[in-house]
Amino acid sequence: MERERSDRSARRTASGNFDPSVVGVRTFLKNWPIVLSQMEKLSVSLKRRQVSGPYHCAKATLELLRYTVGTCKWATAAQLMELIRAVGRELIAAKPSELAVGNVVRRVLFVIREEYTAKLRQAEDAAASGAAAAAAAEVSVPSLETVLGGEQLEADFSAPLPDLKQLIIEGLNELKAELEEMNSVICERAAETIHANEVVLTLGRSATVEQFLLAAADHYRKARLTFSVIVAEAAPGLRGHELARALAAAGIETTVISDSAVFAIMARVNKVIMPTHAVVANGGLVAGCGSYMIALAAKELSVPVVCVTGLYKLCPLFPHDQDTFNCLLAPSAVLPYEDTELAESIEVLNPAYDYIPPELVDLYMTNIGGHQPSYIYRLLAEYYHRDDYILAPEFEG
Amino acid sequence: MDPRQDLKQLEALLDSKAVKVSSPRNRGGGARSNSTLPGWSPRLAAQEQLDDQMECLSLGPPSHAAAGDGDSLQQARDAGAGGRSTPRAQQQPQQAATADGGGGGGSGAGAGGAFPKKPKLSKQERRELQERQRAAKAAGERGPPSGAPAPAAHAGGGAAAAAERAGAAAAAAAGGGGGRAAGEGGGGGAAAAAAPQPTGKTLQLFSHLADWRKGRQTAAAVGMGASEIHPSVAALGEKYASGEIRGANARAVALLAAFRDVIRDYQTPPDKMLSWDLDKRLRPQIAFLIDCRPHSVSMGSAIKYLRNAVARVPPDMSEAHAKAHLTAELDGFVSERVVVAGAGVADHACAKIRDGDVILTFGGSSLGRALAAALAADGVPVAYAPLPAAAYAMRDATKVLLGAAALTANGAALARAGTALVAMAARAHNVPVLLLCETYKFSERVQLDAVVYNELGDPAEIVPQEGGGGGGGGGGAHALNLRYDLTPMKYVSLVVTEVGIIPPTSVPVLLREMNRREDTAER
C-alpha cells in the first residue's frame, strides 16, 4: 500500500519536479535510476570508508551532484536546490564525519545561487530600457547599506531562466577544476612557509602536506639547501611511515618518531605543519587523532603551527567538543581481536579525529593565501551562503 | 633474584619463542647460533660444579682462569663467538660440546654438534642458510597482520619482540660486512627488495646521544673472553641491553642482586683491604653495565649506596663478616628504598583516590596492556586507548596517575616517552596529575628538556626494518626512538613519595633533607 502510494506519487511527480514535501528523494530519483544508483553507490562507499578522506569525498560528491544537475529534470533553480539539498542530506547521513561532503553540497548550492542571480540580472538588463540600465548601474555602486548586507535583493529562485542548466554545469566544472588544482596552488606557498635548514614536524599522511613538503624541497634543491622533516607515525594507523618513505625517496632528510616522543622532540622543532580533516567555523580544526596533543605541545613550547589545507575542507559548522565531528574506529587496530580475553573485559577507544581549538593554530595556509584562525569566519561568507550552513539538522545541528 | 634462575628463564623464554638472540656476537655464525645464548649457556649448564671456581673466573684477570673446566668453558664461549673462534677452541670442540651438553639439554647439544660443520660452509652458504633460518623463524613468529598497532609494534608482545630482534639481526648482519637481513614480509608477504642497512643515523640534533647499538655490542663483547666481568653482571648487562629488564625499579633491584653475587664470589687478595680492593673491582663492573645501557637515576642511587657501604666497611672486619654485612646492606636498600617505599607511595596515592574517580594512566605499549589486563582481572572497569587518544580520553578522567624514572632537582620528571604529553593534556583539561615516585629516584641533576639527556632505543621498534620505510639508510627515512621525555614541573600537581605527598616545587627541599640525613648517618 505504502509502496503503491509512493509509486503513484512518483508517477505524479515524473511529469513535475522535485518537491520534498510530496515525495522523498529516493522515490523521486526512481525516474532517473542511474542517478539513484550512483547516489546509493556513493552512500555505501562512504559508509564503508571505501571513499574516505576530504579530497576523495569532495570529488566524488561533486561528480554526483554535477551528474544530478545534468540528468534530473528541474524547472527552476529553487527546485534544483531542493533536489541538491536532498541528495546532500542522503550523503551526509551516510557518513556525517566526512565534513567535506557537506562542504561540497554547500558550494554547489552557492554556485547555483550565483549563476541564477547573474542570469536573472542579465535577463532584467536586457529587458529594461537604457534608462533603467543606468539606474541599475547606480544601484550596484556599493553603499554602506549594501556592504553591511541591509536590504539586499533576496531572490526566491523561482523564475524559469533559459540556459541556466548550462551555466550551472559550467560553474560546477570550474569548481571541479578548482578542487583538482587546489593542492598545487597551495604548494606555491611552500617556500615562503618552510625555510631552509628548518626542522619541521608533521604527523600521519596527508596528500596536501606531502605535496607541500615536496614542493618546498624542490624549491630549495636548486639552491642546494635543505630542511629536515620529523614525522610522528600517528598510531594506530601508522600512516606517518608512508609519508616518511615518500619524503625520504624525494631526498628530504626524514625521521620517523613514535607519537610518544613528540613532546621531547618539540623543543628542537621550528614549525609544525599540520594536516587536517576539516577546518571548522570558529577557526579550529578537526584533524587526525593525536593532532591535538601535537598542537598543544607546540603551543606550550611556542612552536608555530601551520595548517596546510585546501578550502574544500572549510566547514561552516561549529564544534562543541571532541565528540562533535568524531567517530570511533574499530578497536582491532589498538587491541588485536586475537587477545580475546582482554578484549572482552575492557573497553577500547580508537577515536578517528581530534578537535583542535583555534587558539592552538597560528596560521592557515590555504589555496587563497595565508589566514589567521580568527579570519576563517569571513572566508565562510565568501564560500557559502548563510542559508546553506545547516543542511541536515539531524546530523549536524 | 638468583641469576641462574634468571638465565634459565631467559633460555626457556627464548626456546619457547624460537627466537634467536642476534647480536654482533653471532656475527658470521648465524647458522649455528641456536636459541641458547652462546656465551653463557655452557657456563650455566655446568654452573653447579663451577661455583667454587666462580671467583677466579669472574673477578680475577684472565690469566687466573686457566684451571680445568673454566678453561674449556672459555673456549666454548669463544667457539660460540662464531667466525672468531680461536684455534684452540677448534682443536677441542669435543670438550666444548661436552661442557655444553652437560646440563643444557637438547639445545646445548645441538649447538655443540654444529661446531664441526662450521668451517665447511663458505661465506655464501652461510649467508644463505642464515637467511633461510631467519625467514623461517620470521614466518613462524609473525603473529598479527601488517596493520599491527603502534602499541604492539613498540615492544613487549611476541611480534614486537620479534620485530626488535629482527632489527638487531639486520644490524648484526650489516656489521659483519655485507650480510643481508632476510626480508620479513609485513603480513602481506612483501619482502624487502634490498637489504635494509640500518645506519642508525639520526638527526644531527641527537648526535650527542649514544648509539643505541653500543649497549648490545658491549653486552655481546663480554662473551668474547673479557673475564673481568662477573657472570651475573654480564648476564645483567645483556638483559639491560636487550631491554628484557627495564623500568627504574626493576633495573635497580636487578643491579643489586647481581652485585650480591659479586660480593659473594669476591675474595680479598692477600695484603689488600676489602673496602679498597672491592671498590676497585666494582668499578669495571659498573662501567660495563653503564656501557650496556646508560644507568638510570635509580641505578645511580643504588650504586652510590653500594659504594658508600663498601667504603664504610671497617678495616678490621673479617671478610666473611664484611660480605654478610654488605649483602645485608644491599638487601636493606632494596627493601627500604624500593619495596617498602613503593608500598608507601601506593598507600599515599590511595588516599587521594575517591569513590567514583576515573583514573587515567599511561603505560606505554605492552606495559599498558598488561596493566589494563591486571585491572580488568581485578574487576576494575577499564578503557584502553592508544597514546594519541589520551586527550580524547582525558575528558572523562578525574585524576591522572603517572610514574617517573627520575625527578630532577628542578622538579621536572624524566619518564617514559609520552608521559609529558599525557601530563600536558591533563593540565589543558584541568585534571590533576599525581606523579608517583620513590625518593631514591630523586636526582641532584637539573634538566630543561628531554634532548639534553635522553637515550636512544632500537629504531626497529618504531619502523620494522623489513619492507618498512624508515630505519634504514639507502635513501630511506630514519627512525628515532627516544626513550624518555621530560615533564615540566608545571604539569604536575603533586608528587607522591613514600615520605609523603609534596608539590613538585619541594623536590629540591626533599633532596636536601635526604642528603642531610645521609650525612648524619655517615657520621
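Residues numbered from 1 in each chain as written. Chains lettered and ligands numbered in written order. Predicted model: local features only at pLDDT ≥ 70, side-chain atom pairs only at ≥ 80, totals over all residues. Heavy atoms only, no water.

Draft legend 1. Focus on the overall build of chain B. Counting its regular elements, chain B contains 20 helices and ten strands. The buried share among the 523 residues of chain B stands at 53%. Restricting to contacts in chain B with at least 6 residues of sequence separation, those with at least 24 account for 76%. As displayed, chain B offers around 21400 Å² of accessible surface, 55% of which is attributable to carbon and sulfur atoms. (Helix = DSSP H or I, 4+ residues; strand = E, 2+ residues; numbered from the N terminus. Buried < 20%, exposed > 50% of the residue type's maximum accessible area, 1.4 Å probe, protein only. Contact = heavy atoms within 4.5 Å. Areas by Shrake-Rupley, 256 points an atom, 1.4 Å probe, with all protein chains shown as cover.)

Draft legend 2. Up close: the sheet that holds strand β9 (residues 353-356) of chain A. All names here are of chain A. Spatial ordering of the open sheet is given by β5-β6-β9, a layout of three strands whose pairing is antiparallel. Each edge of the sheet is formed by a strand with only one pairing partner; in this case those strands are β5 (278-279) and β9. Where β5 lies against strand β6 (residues 285-288), two bridges are found, and the strand directions are antiparallel. Bridged to Ala278 within β6 is Val286. (Pairing = 2+ DSSP bridges.)

Draft legend 3. Representation of the interface of chain A and chain B within the structure. Each partner contributes to the interface: chain A provides 52 residues, whereas chain B provides 56 residues. Between chain A and chain B lies a buried interface of about 4400 Å² when both sides are counted; carbon and sulfur atoms form 70% of it. For chain A, the biggest contributors to the area lost against chain B are Phe263, Arg268 and Met293 of chain A; these three give 16% of the whole. Linking chain A with chain B are four salt bridges. As a salt-bridge pair, Asp323 of chain A and Arg395 of chain B come within 2.6 Å of each other at their nearest N and O atoms. The interface formed by chain A and chain B holds 13 residue pairs in polar contact (both at pLDDT 80 or more) in total. Across the side of chain A that touches chain B, the residue classes break down as 31 nonpolar, ten polar and eleven charged. Inspection of the sheet shows strand β8 (residues 347-348) of chain A paired to strand β2 (residues 383-384) of chain B by two bridges, in the parallel sense. Along β2 of chain B, the bridge assignment pairs Glu347 of chain A with Ala383 of chain B. (Buried area = accessible area lost by both parts, 1.4 Å probe. Salt bridge = Lys/Arg side-chain N within 4 Å of Asp/Glu carboxyl O. Polar contact = N/O pair within 3.5 Å; in protein donor to acceptor, adjacent residues only side chain to side chain. Nonpolar A, V, L, I, M, F, W, Y, C, P; charged D, E, K, R; others polar.)

Draft legend 4. Expanded view of the domain arrangement of chain B. All names here are of chain B. Split into domains, chain B comes out as domain 1 (206-340) and domain 2 (352-459 + 479-522). Listed as interface residues are 23 residues of domain 1 and, on the opposing side, 27 residues of domain 2. Of the roughly 2100 Å² buried between domain 1 and domain 2, counting both surfaces, carbon and sulfur atoms make up 52%. Counting across the domain 1 and domain 2 interface gives one salt bridge. As a salt-bridge pair, Glu455 and Arg293 come within 2.5 Å of each other at their nearest N and O atoms. Linking domain 1 with domain 2 are seven residue pairs in polar contact (both at pLDDT 80 or more), by the criterion used here. Elements that contribute at least two residues to the side of domain 1 that touches domain 2 include exactly α11 (212-221), α13 (248-265), α15 (297-311) and α16 (319-351). Looking at the side of domain 1 that touches domain 2 element by element, the count peaks at five residues for α15. Taken together, the residues that form the side of domain 1 that touches domain 2 break down as ten nonpolar, six polar and seven charged. (Domains from an automatic or database assignment.)

Draft legend 5. Up close: the confidence of the model for chain B. Residues and elements named next belong to chain B. Averaged over chain B, the pLDDT score is 68; the fraction of residues at 70 or greater is 57%. Here residues 13-120 scores under 50 on pLDDT; set against residues more than four positions off or in separate chains, the count is 167 contacts. Segment residues 466-475: pLDDT under 50, and 33 contacts once partners within four positions in sequence are set aside and those in other chains are kept. Predicted complex metrics record ipTM = 0.87 and pTM = 0.74. (pLDDT = per-residue confidence, 0-100.)

Draft legend 6. Representation of the nonpolar core within the structure. The biggest cluster of nonpolar side chains holds 96 residues, and the ones touching the most others in it are Leu201, Met266, Val272 and Met274 of chain A together with Phe442 of chain B. Apart from residues lying up to four places away in sequence, Val272 of chain A is in contact with Leu201, Met266, Ile294, Ala298, Val303, Pro304, Val305 and Val306 of chain A. Core analysis: the next-biggest nonpolar cluster, separate from the first, contains 50 residues, Cys57, Leu80, Ile169 and Met182 of chain A among them. (Core = buried A, V, L, I, M, F, W, Y, C linked by side-chain atoms within 4.5 Å.)

Draft legend 7. A look at the packing of helix α11 (residues 207-222) of chain A against helix α12 (residues 239-249) of chain A. All names here are of chain A. Running from N to C, α11 and α12 cross one another at 20 degrees; their axes reach a closest spacing of 10 Å. In terms of their interaxial angle, α11 and α12 are classed as roughly parallel. Regarding α11 and α12, the two cross each other, and that crossing is right-handed. When α11 is examined against α12, the residues Glu210, Leu213 and Leu214 are found in contact with a partner set consisting of Leu243, Ala246 and Leu247. For the contact of α11 with α12, the class distribution of residues is five nonpolar, no polar and one charged. (Axes fitted to C-alpha atoms, helices over the stretch in contact; angles between N-to-C directions. Parallel < 35°, antiparallel > 145°, perpendicular 65-115°, else oblique. Left-handed = near helix turned anticlockwise from the far one by under 90°.)

Draft legend 8. Fine view of the pattern of salt bridges. Scanning the entire structure with this criterion turns up 33 salt bridges over all chains. A salt bridge links Arg268 of chain A to Asp449 of chain B, with the nearest nitrogen and oxygen atoms 2.9 Å apart. Taken together, the residues span two chains, with Arg268 of chain A in the loop between α13 (262-266) and β4 (271-274) and Asp449 of chain B in the loop between β6 (433-436) and β7 (478-480). Put simply, Lys59, Glu63, Arg66, Lys176 and Glu180 of chain A are held in one network by salt bridges that share partners.

Draft legend 9. Structural view of the state of the cysteines. All names here are of chain A. In the structure shown here, the tally under the stated rule is zero disulfides over all chains. Its sulfur unpaired, Cys57 is 11 Å from the next cysteine sulfur, which belongs to Cys327. Judged by its relative accessible area of 1%, Cys57 is buried. Cys327 takes part in no disulfide bond, and the closest cysteine sulfur, belonging to Cys289, lies 11 Å away. Judged by its relative accessible area of 18%, Cys327 is buried. (Disulfide = S-S within 2.5 Å.)

Draft legend 10. Representation of the domain arrangement of chain A. All names here are of chain A. According to the domain assignment, chain A consists of domain 1 (2-184) and domain 2 (188-396). Taken together, the contacts link 27 residues of domain 1 with 31 residues of domain 2. The junction of domain 1 with domain 2 conceals about 2600 Å² of combined surface from both sides, 60% of it contributed by carbon and sulfur atoms. The largest contributions to the domain 1 side of the interface with domain 2 come from Leu99, Arg106 and Asn183, which together make up 27% of the buried area. Our count for the domain 1 to domain 2 interface comes out at two salt bridges. Arg113 is paired through a salt bridge with Asp388; the nearest N and O atoms lie 2.8 Å apart. If you look at where domain 1 meets domain 2, you find ten residue pairs in polar contact (both at pLDDT 80 or more). Elements with a contribution of two residues or more to the side of domain 1 that touches domain 2: α4 (54-71), α5 (77-94), α6 (99-127) and α9 (164-187). Looking at the side of domain 1 that touches domain 2, the element that brings in the most residues is α6, giving ten residues. The residue inventory of the side of domain 1 that touches domain 2, partitioned by class, reads 13 nonpolar, five polar and nine charged.

Draft legend 11. Structural view of the sheet that holds strand β1 (residues 199-203) of chain A. Ordered by their spatial adjacency, eight strands build an open sheet running β11(A)-β10(A)-β7(A)-β4(A)-β1(A)-β2(A)-β3(A)-β7(B), and the pairing between neighbours is mixed. Pairing within the sheet leaves two strands with one partner each, and these edge strands are β11 (369-371) of chain A together with β7 of chain B. Strand-to-strand twist of the sheet, defined as the mean angle between neighbouring strand axes without regard to direction, takes the value 25 degrees. Bridging between strand β2 (residues 228-232) of chain A and strand β3 (residues 253-257) of chain A involves five bridges; their strand directions are parallel. Each residue of the ladder has a partner; that of Ser228 of chain A, found in β3 of chain A, is Glu253 of chain A. Along the sheet face, α12 of chain A touches β1, β2 and β3 of chain A and points at about 160 degrees away from the line of β2 of chain A.

Draft legend 12. Layout of the packing of aromatic side chains. Taken as a whole and assessed by the stated rule, the structure comprises eight aromatic pairs over all chains. Judged by centre distance (6.4 Å) and plane angle (65 degrees), the ring pair of Tyr383 of chain A and Tyr384 of chain A falls under edge-to-face. Owing to a relative accessible area of 9%, Tyr383 of chain A belongs among the buried residues under this scheme. What links up through ring pairs into an aromatic cluster is the set Tyr305, Phe333 and Tyr440 of chain B. When the ring centre of Tyr392 of chain B is taken as reference, the NZ or CZ atom of Arg395 of chain B above it lies at 4.4 Å. Residue placement shows Arg445 of chain B over the ring face of Tyr453 of chain B; its charged tip is 4.4 Å from the ring centre. (Phe/Tyr/Trp six-rings, centres within 6.5 Å; stacked < 30°, edge-to-face > 60°. Lys NZ or Arg CZ within 6 Å of the ring centre and 35° of its normal.)

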